Amino acid sequence: MAEKNDLMDKIVSLCKRRGFVFPGSEIYGGMANSWDYGPLGVELKNNIKQAWWSRFVKQRDDMVGIDAALIMNPKVWQASGHLQNFSDPLVECKKCHMRYRQDKLPEKCEGCGGKEFSEAKMFNLMFQTYIGPAQEQANVAYFRPETAQAMFVDFKNVLDTSRKQLPFGIAQQGKAFRNEITPGNFIFRTREFEQMEIEYFIKPPQNDEDWNNVFEMWRGEMKAWMTEVLGLKWEHVHELEVPKDELAHYSKRTIDFEYHFPFGVSELYGLAYRTDFDLKNHMESSKQDIRYTDPQSGEKFIPHCIEPTWGVDRSVLAVLCEAYDDSNPENIILHLPAKLAPYTVAVFPLLKNKEQLVGKAREVYKDLQKHFNVAWDDRGNVGKRYYSQDEIGTPFCVTVDFDTVEKDDCVTVRNRDTKEQPRIKISELADYIKKSLQ
Ligand code: ATP
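Residues numbered from 1 in each chain as written. Predicted model: local features only at pLDDT ≥ 70, side-chain atom pairs only at ≥ 80, totals over all residues.

## Here we look at the overall build of the chain
A count of helical and extended segments in the chain gives 13 helices and 24 strands. By its C-alpha atoms, the chain is 75 × 65 × 50 Å across when sized along the principal axes. Scored against the burial criterion, the 438 residues of the chain give a buried share of 34%. Here the analysis covers contacts within the chain between residues at least 6 apart in sequence; of these, 62% occur between residues at least 24 apart. (Helix = DSSP H or I, 4+ residues; strand = E, 2+ residues; numbered from the N terminus. Buried ≥ 20, exposed ≤ 12 C-beta atoms within 10 Å, placed from the backbone. Contact = placed C-beta atoms within 7 Å.)

## Focus on helix H7 (residues 208-229)
Each α-helix turn comprises 3.6 residues. Residues three or four places apart therefore point the same way. With 22 residues, H7 ought to run about 32 Å at 1.5 Å a step, and its terminal C-alpha atoms sit 31 Å apart, in line with that. Considered for burial, the residues of H7 that qualify are Trp211, Phe215, Trp218, Met222, Trp225 and Met226. Along the axis of H7, the buried positions cluster into a sector of 90 degrees, meaning they face one direction only. Looking at H7, the residues exposed on the side facing more than 90 degrees away from the buried face are Glu209, Asn213, Gly220, Ala224 and Glu228. Its buried side turned inward, H7 meets helix H2 (39-58), strand E11 (192-202), strand E12 (237-241), strand E13 (253-261), strand E14 (264-275) and strand E17 (304-311). Two residues or fewer past H7, glycine 231 is found with a positive phi of approximately 75 degrees. (Expected span 1.5 Å × (residues − 1). Arc of directions from axis to C-beta.)

## Some words on the packing of H2 against helix H9 (residues 312-323)
Across the interface, H2 lies against H9 with an axial gap of 10 Å and an inter-helix angle of 110 degrees. By the angle class used here, H2 and H9 are roughly perpendicular. Crossing angle aside, the handedness with which H2 passes H9 is right-handed. Where H2 approaches H9, its residues Leu44, Lys45, Ile48 and Lys49 are matched on the opposing element by Val312, Ser315 and Val316. In the contact of H2 with H9, the residues fall into four nonpolar, one polar and two charged. (Axes fitted to C-alpha atoms, helices over the stretch in contact; angles between N-to-C directions. Parallel < 35°, antiparallel > 145°, perpendicular 65-115°, else oblique. Left-handed = near helix turned anticlockwise from the far one by under 90°. Nonpolar A, V, L, I, M, F, W, Y, C, P; charged D, E, K, R; others polar.)

## Quick word on the sheet that holds strand E6 (residues 99-101)
Strand order in the open sheet formed by three strands is E6-E5-E7, and the pairing between neighbours is antiparallel. Strand pairing shows two members of the sheet lacking a second neighbour, E6 and strand E7 (121-124), which therefore form its edges. In this sheet, adjacent strand axes meet at a mean angle of 45 degrees when their direction is disregarded. Across three bridges, strand E5 (residues 87-92) lies against E6 in antiparallel orientation. Among the inter-strand pairings, leucine 90 is bridged to a residue of E6, identified as arginine 101. (Pairing = 2+ DSSP bridges.)

## Considerations on the sheet that holds E13
The sheet built from seven strands is open, its strands ordered E3-E10-E11-E17-E14-E13-E12 with mixed pairing. Edge strands, defined here as strands with exactly one partner in the open sheet, are strand E3 (63-65) and E12. On average, adjacent strands in this sheet sit at an angle of 25 degrees to one another, irrespective of strand direction. With three bridges joining them, E3 and strand E10 (residues 168-177) adopt parallel strand pairing. By the bridge assignment for E10, methionine 63 is matched with glycine 169.

## Some thoughts on the site of the ligand
As a structural note, the neighbourhood of the ligand is formed by 15 residues, with Phe193, Gly270, Thr309, Gly311 and Arg314 the closest of them. Elements with a contribution of two residues or more to the shell around the ligand: E11, E14, E17 and H9. The leading source of residues in the shell around the ligand is E14, at four residues. (Near = placed C-beta within 6 Å.)

## Focus on the domain arrangement of the chain
Per the domain assignment, the segments of the chain are domain 1 (2-74 + 138-323) and domain 2 (343-436). Just the C-alpha atoms count here: the centres of domain 1 and domain 2 sit 38 Å apart. Of the residues lining the interface, five residues belong to domain 1; the matching set on domain 2 comes to four residues. Among the elements of the structure, helix H1 (2-18) and H2 are those that each provide at least two residues to the side of domain 1 that touches domain 2. (Domains from an automatic or database assignment.)

Structure representation (structure tokens):
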């Protein structure tokens, strides 16, 4: 375990050193458990989000997207059950008053070693704010604790404008806020994070098989996402079938996909069959008819819903943990999937003070920028530049040398993982790199 926590420290330190993730508000002494994505982190995170949007929204005929407001009408949270139920049991050390989530309680208080804790009190995780200048109860509002509810609240508008027929899904990516009692483990559990969620609507099932088939379809999709897109080894993922007596109040079946993080096996994503719980409650609460009309029979009904949900920040963390390789401590490598790497390719002139090399390398650099995110490096020697790019996961390094300008119009393309260095014609370079991204 010591070794594993050590791995976490190394990843956090690499993230800071190379500009993936910084401590938030650091010049003011930081702010506990707040993290900012730096120049490389934002690229990695955006690549994950774009890969998800492309795979699950753009490339599917049965899906549409939305981007809803972060602060919704408070009645939404009344109807969804969040105001009443979205709470964790909070206990306090009797000696030093350090607070813990009861289900994550250590044997002894981490602050003072005390062993006596208070009775559990339920603590609502929603962040509260006020709309407008008057801080009165009537103006209380909440930052959304999940993106999901907007898909139910907007269901009718989406239906009327997109004219989708069942089964179909609504997808959204965006921030969610939870006043977590015990945030921690870097970007694993924070109070402000991003989610990518799908509410997939189906006809009211006639039997268990009807919804289970769709559930299993999404289970397969989530597995394929983890292995094919994020590059996670399947043996590093554990599927936890949540026992019936531990299911959330709205769920008939839930699978938690847990990842072997360095600090322990913990939830990465979830998949739940939410029945018609949400749409039914919003219909009752809003007193609006948000039912679906079957185009063939004209019958009106409330669809049921399967919900696959992904945390963006936990995706970033899992990808980093999986990719990190310091088997040679002199040459740390992030084996990031090529599509996710912050830079797809780096371009170097062999020597920085030879104008003909620099000029040609700039040309190659500018040309590749039309297709990829490209890094430029002319510091130190080529070996050092390779190491530097390996550490941030750049799959290809392109070097312009004397043969390029004097002889063959080819460049050396060094592969991060195989270390092969074929010579490739500049005119074929972009296609050569694109092939690796398919
Ligand atoms: P946990 O049991 O870890 O608190 P949860 O079961 O409450 O998570 P969900 O409500 O299912 O989580 O949220 C969906 C996804 O959002 C999670 O699978 C996770 O990837 C992400 N997520 C939830 N809470 C956080 C958080 N505090 N920080 C970062 N990501 C989070």
